[in-house]
Amino acid sequence: MNLDYSHVRALAAVIREGSFDRAAQALNVTPSAISQRIRTLEDRTGRLLVQRTVPAVPTADGQVIVQYAEQTALLEHDALARLGMLADNMSQATLPVAVNHDSLETWFMDAAIEFSNGTQATLDLRSEDQDHTATLLRNGTVLGAVTTLSEPVQGCRLHALGSMRYVASCSPAFHQRHFANGVNAQSLGQAPVLVYNRKDAMQARFARKIMGKTPWQPPIWWLPSARAFVQASLAGLGWTMNPLALIQKELDAGTLVPLRARAFDDAPLYWQHWRVNSDAMSALTDAVLAASRSLARRGRP
């Protein structure tokens, strides 16, 4: 059985864009054309390939087709680049990549800039918690991901990047107000904390090291921005696990202070990408490995 490439591209677009309507816009066709292509592909394979949810997500069988579509598009780009035909064909590749929030705010843009210097391909960056980026790899949404998962996702290559250091920190005034008598179960249970979103468990992990099994239900500021964390910390809204790379100057100046001695946690990071012999993916991997060298140089708060 041969797969029609236009049908395969339609499925990949639905998953990438999250809906049939946006997929139609991306491929410059009508939504009904997208629906017809998906139905034909499902009839031909005899499998349900996409769950019609908001956003649309692939089934396990759909993930296989989406991965095939993305890999084929990448290889097509490489072939046209080697033939010097990209400009004539307007066939530019975009690599979907998942990156954790803090890497995106610190070192990953160096990788993106280096990648842009050696290829005509572009990146579609998806910001996600580092403990959850691997999920986007598994379901075919992205070709590569910065993740904390140390085991390779099936069909992927794994590269260790080093560790990102986080410091449990706050303003001196906040520390005096909430932790003058020590960082303990009582003070951590009452002090406001900054949390990125409902997937962010880093602050809870730090608190559990001190509190054990004592319930932890502090006042929470939900702030979905790493740089907003720094601003809120400086203003004394709460304490949080700030990336050391973002607050080293503030720690040196004393405008932020660690909650206690050795109030840091290191999160090992890995680069995972699909096993595809692609010039563009090789260039991106080289750029990611080069940019992540700063992670190995750990300072002490």
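Our structure is the block above this text.
Residues numbered from 1 in each chain as written. Predicted model: local features only at pLDDT ≥ 70, side-chain atom pairs only at ≥ 80, totals over all residues. Heavy atoms only, no water.

(A) Quick look at the nonpolar core. Grouped together as the largest cluster of nonpolar side chains are 52 residues, with contacts concentrated most on Leu95, Trp107, Trp239 and Leu259. Here Trp107 is in contact with Val146, Leu161, Met164, Leu269, Val288, Ala291, Ser292, Ser294 and Leu295, once residues within four sequence places are set aside. Counting residues in each nonpolar core, the second largest holds 20 residues, with Leu11, Ala24, Leu41 and Ala69 among its members. (Core = buried A, V, L, I, M, F, W, Y, C linked by side-chain atoms within 4.5 Å. Buried < 20%, exposed > 50% of the residue type's maximum accessible area, 1.4 Å probe, protein only. Contact = heavy atoms within 4.5 Å.)

(B) Focus on the side chain of Ser292. Tracing the sequence through the fold places Ser292 in the segment after α14 (279–291). What makes Ser292 buried here is its relative accessible area of 2%. Residues within four places of Ser292 in sequence aside, it is in contact with Trp107 and Leu161. (Helix = DSSP H or I, 4+ residues; strand = E, 2+ residues; numbered from the N terminus.)

(C) Expanded view of the environment of Ala267. Looking at the secondary structure, you find Ala267 in strand β11 (residues 264–274). Apart from residues no more than four positions distant in its own chain, Ala267 is found in contact with Gly162, Ser163, Met164, Tyr166 and Met202.

(D) Up close: the pattern of salt bridges. Tallied over the entire structure, the rule returns 9 salt bridges. For the salt bridge of Glu17 with Arg16, the shortest nitrogen-to-oxygen distance reads 3.8 Å. Residue Glu42 is joined to Arg52 by a salt bridge in which the shortest nitrogen-to-oxygen separation is 3.0 Å. Of this pair, Glu42 sits in helix α3 (residues 31–45) while Arg52 sits in the loop between β1 (50–51) and β2 (57–58), and the two are 10 residues apart along the sequence. A residue is classified by how much of its surface remains accessible, and Arg52, at 45% relative accessible area, is partly exposed. Look at the salt bridges and you will find they share partners, linking Arg16, Glu17 and Glu70 into a network. (Salt bridge = Lys/Arg side-chain N within 4 Å of Asp/Glu carboxyl O.)

(E) A look at α3. With 15 residues, α3 extends 21 Å from end C-alpha to end C-alpha; this agrees with the ideal 21 Å at 1.5 Å per step. Among the residues of α3, those classed as buried are Ile34, Ile38, Leu41, Glu42 and Thr45. Seen from one end, α3 has its buried residues packed into an arc of 95°, which puts them on one side. Turned more than 90 degrees away from the buried face of α3, the exposed residues are Ser32 and Asp43. As for α3, its buried residues are in contact with α1 (5–17), α2 (20–27), β1 and α4 (60–83). Where α3 terminates, the next one or two residues include Gly46, which has phi positive at roughly 70°. (Expected span 1.5 Å × (residues − 1). Arc of directions from axis to C-beta.)

The values are spatial; any link to function lies outside them.
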